[in-house]
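Chain by chain, the residues:
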Amino acid sequence: MYLCHMCSTEYSKTEKQCPSCDTPIIVSVVSDFEMVAVHAVTVEFEIDKKKQTVSPNIGSLWPLDGEDVSYKFIQQVELKFERKNKFHGYYEKDTETNIPRHLAKYFNSLITEDDFKNLVNAFCIELKNAIHKTGVTSKATSSKIVFMHYKSAINHDFGRVLAVMVDKKSGFDFTDGTLLPKSAEHINLDALKQAVSIDIDQFDCCYPEAPTNEAYLKFIRGSSSADYFRIAFGCIEKSDNGLSLENLYSAITQFGTSNNLSQDFIFDAEDNLTEFLDDLKKSNNSSFSISQAAFVIEKALPAEAKVLESSFIPFVNQNKLMINQYIEPTSNQIKNKHWVDFSDSANGLIAKLHESNDIGFSGDGYLVEYNRSTKRLEIRVQSQPLRDKIERMIISGKQHDNS
């Protein structure tokens with residue numbers, strides 16, 4: 001049985017067109033699998049460093065009827081995008097790549113094999129141009145890229161378009177000439193080189209505007225550092241996710257200082273953002289947008305400063321702060337926001353205190369106390385072995401000073 005792309009009607013292999021809407025194509029095989037491939041092909045990019053030429057050789061379309069190679073490939077790629085830290089983005093009107101135009105044309109086509117081949121050809125031109133644009137013809141190595149359109153076997157959606165750079169070291173082997181995957185056993189994407197995933201349904205809903213929630217463009221920087229792949233698909237990163245998160249917290253301080261807001265605003269805004277990140281970790285979402293962050297940050301504005309609402313993002317952009325439009329923090333990066341850092345690298349002092357610890361002023365009877373007059377943090381050491389070690393360090397230090 002087959003599914004019609006236009007109306008989701010099931011029909012048998014003997015039919016030449018959809019009995020409901022007369023669409024003369026076959027889009028995807030009805031399968032027991034959760035996700036099914038619509039089309040897939042491998043392209044080998046042969047790079048001649050001496051001649052400075054790039055030749056994309058497009059293989060045969062993968063046979064998708066009655067096989068599990070494509071499903072295993074989809075399964076492993078989905079896991080990669082679920083588990084690995086990745087870049088999240090979207091296409092703007094002035095994006096320096098023709099990828100959005102190619103995607104829109106494909107979405108509005110009948111999604112035939114020829115339509116998919118035209119899409120892949122267009123992608124290859126973008127990749128070839130990016131290789132020459134970055135001037136890496138003499139450095140880039142030949143590689144294979146799997147292009148795939150796949151969708152849900154249950155829901156009536158258009159699905160996603162994938163481009164995944166692989167090689168034999170990734171555990172993915174192809175036949176000569178036709179570039180067909182040899183078998184499902186050969187698929188192991190533990191060391192994929194780079195990958196981009198585009199949710200076409202979300203793209204069609206909002207392009208060229210920014211998505212309101214989850215981004216539709218996702219990019220994994222794997223074992224390859226080749227910028228041409230990222231540039232060709234418009235995956236422009238301002239900074240990595242960890243640095244973006246740190247810069248976001250720094251932006252709160254800069255925003256508060258620039259607008260003469262009190263220290264209370266900065267602390268409250270940081271707490272709001274940290275609480276938001278905790279909720280994110282508990283939810284099914286892995287990333288958040290700077291718009292979502294700005295909303296919780298601006299909730300900390302005092303009543304007399306409500307005029308500053310909707311000004312945090314313009315402040316970030318005007319000051320060219322290195323923060324991605326979408327950020328995917330790791331669990332550890334979120335956990336670290338619950339630690340107060342007292343480190344002083346200049347003097348070699350390193351100390352961190354979890355915010356859940358009770359702390360008071362000198363004489364309050366807490367394990368950790370702050371002395372207002374001396375501006376010192378006092379920590380009661382309860383462990384006898386640790387007290388002995390500290391005393392040993394003190395004595396040893398004094399003996400060194402006297403020598």
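Every chain is numbered on its own, with residues counted from 1 as its sequence reads. In keeping with the model being predicted, local features are shown solely for residues with a pLDDT of at least 70 and side-chain atom pairs are shown and tallied solely at 80 or more, while totals for entire chains, interfaces and linings include all residues. Remark: hydrogens and water are excluded; side-chain values derive from all non-hydrogen atoms of the structure.

Helix and strand counts for the protein stand at 11 helices and 17 strands. Only protein chains enter the accessibility calculation, which uses a 1.4 Å probe. A residue is then buried if its area is under 20% of the maximum for its type, exposed if over 50%, and partly exposed in between. Across the 403 residues that make up the protein, the buried fraction comes to 43%. The Shrake-Rupley method, run with a 1.4 Å probe sphere, supplies the accessible areas, and residue values consider only the shown protein chains as cover. In the form shown here, the protein has an accessible surface area of approximately 22,300 Å², with 48% of it arising from carbon and sulfur atoms. Where helices and strands are cited, they refer to DSSP runs of H or I of at least four residues and of E of at least two residues respectively, numbered from the N terminus.

Aromatic pairing here means that ring centres of Phe, Tyr or Trp (its six-membered ring) are within 6.5 Å. Orientation follows from the plane angle: under 30 degrees is stacked, over 60 is edge-to-face, and everything else is tilted. For the structure on display, the rule yields 17 aromatic pairs. Ring geometry for F107 against F158: centres 4.9 Å apart, planes inclined by 45°, an arrangement best described as tilted. Taken together, the residues span a long stretch of sequence, with F107 in helix 2 (residues 99-107) and F158 in the loop between strand 7 (143-152) and strand 8 (160-166) at a distance of 51 residues. Classification of F107 by relative accessible area gives partly exposed; the value is 21%. Classification of F158 by relative accessible area gives buried; the value is 3%. Between F255 and F265, the aromatic rings sit 6.0 Å apart at their centres with planes inclined by 55°, giving tilted as the arrangement. Here F255, found in helix 6 (residues 241-258), pairs with F265, found in helix 7 (residues 263-282); they are 10 residues apart in sequence, far enough to count as distant. Here F255 matches F265 in class, with each residue buried.

Note: predicted coordinates in regions of low pLDDT should not be interpreted at a detailed level. pLDDT expresses, on a scale from 0 to 100, how confident the predictor is about each individual residue. Of all residues in the protein, 83% attain a pLDDT of 70 or more, and the chain-wide mean is 82. Mean pLDDT values for the elements of the protein range from 44 in strand 3 (residues 28-29) up to 94 in helix 2. Here, two residues are considered to be in contact whenever any of their heavy atoms come within 4.5 Å of each other. Predicted confidence is poor over residues 25-32, with pLDDT under 50, and the contacts of this stretch with residues over four places away or in other chains come to 27 contacts.

Next up on the list: the pattern of salt bridges. We count a salt bridge whenever a side-chain nitrogen from Lys or Arg sits within 4 Å of a carboxyl oxygen from Asp or Glu. Applying the stated rule across the entire model yields eight salt bridges. Put simply, D227 and R230 hold a salt bridge, and the shortest N to O gap is 3.3 Å. On the criterion of helical spacing, the pair formed by D227 and R230 is a turn pair, its members being three residues apart in helix 5 (residues 227-232). Residues joined in a network through salt bridges with shared partners are E78, R160 and D199.

This part takes up the sheet that holds strand 15 (residues 359-361). Any two strands with at least two DSSP bridges between them are considered paired. Taken in spatial order, the three strands line up as 15-16-17 in an open sheet, and their pairing is mixed. Lying at the two open borders of the sheet, with one neighbouring strand each, are strand 15 and strand 17 (376-379). Ignoring which end each strand starts from, the neighbouring axes of this sheet average 30° apart. With three bridges joining them, strand 15 and strand 16 (residues 368-371) adopt parallel strand pairing. Each residue of the ladder has a partner; that of I359, found in strand 16, is V368. An axis is simply a line fitted to the C-alpha atoms; with a helix, the fit covers only the stretch in contact. Between two such axes, the angle follows the N-to-C directions and lies from 0 to 180 degrees.

Once that is clear, we can look at the pairing of strand 16. Where strand 16 and strand 17 come together, four bridges link them in antiparallel fashion. Paired with N371 across the bridge in strand 17 is R376. Hairpin geometry of strand 16 and strand 17 is characterised by an intervening segment of four residues between the two adjacent antiparallel strands and by a positive phi of about 60° at K375.

On the surface, a cluster of nonpolar side chains totalling about 580 Å² of accessible area is made up of V340, F342, I359, F361, Y370, L377 and I379. Mapped onto the nonpolar patch, the elements with two or more residues apiece are strand 15 and strand 17. For F361, the position within the fold is in strand 15. Put simply, a patch holds well-exposed residues, over 30% relative accessible area, that have no salt bridge, with like charges counted together within 9 Å and Val, Leu, Ile, Met, Phe, Trp or Tyr side chains within 5 Å.

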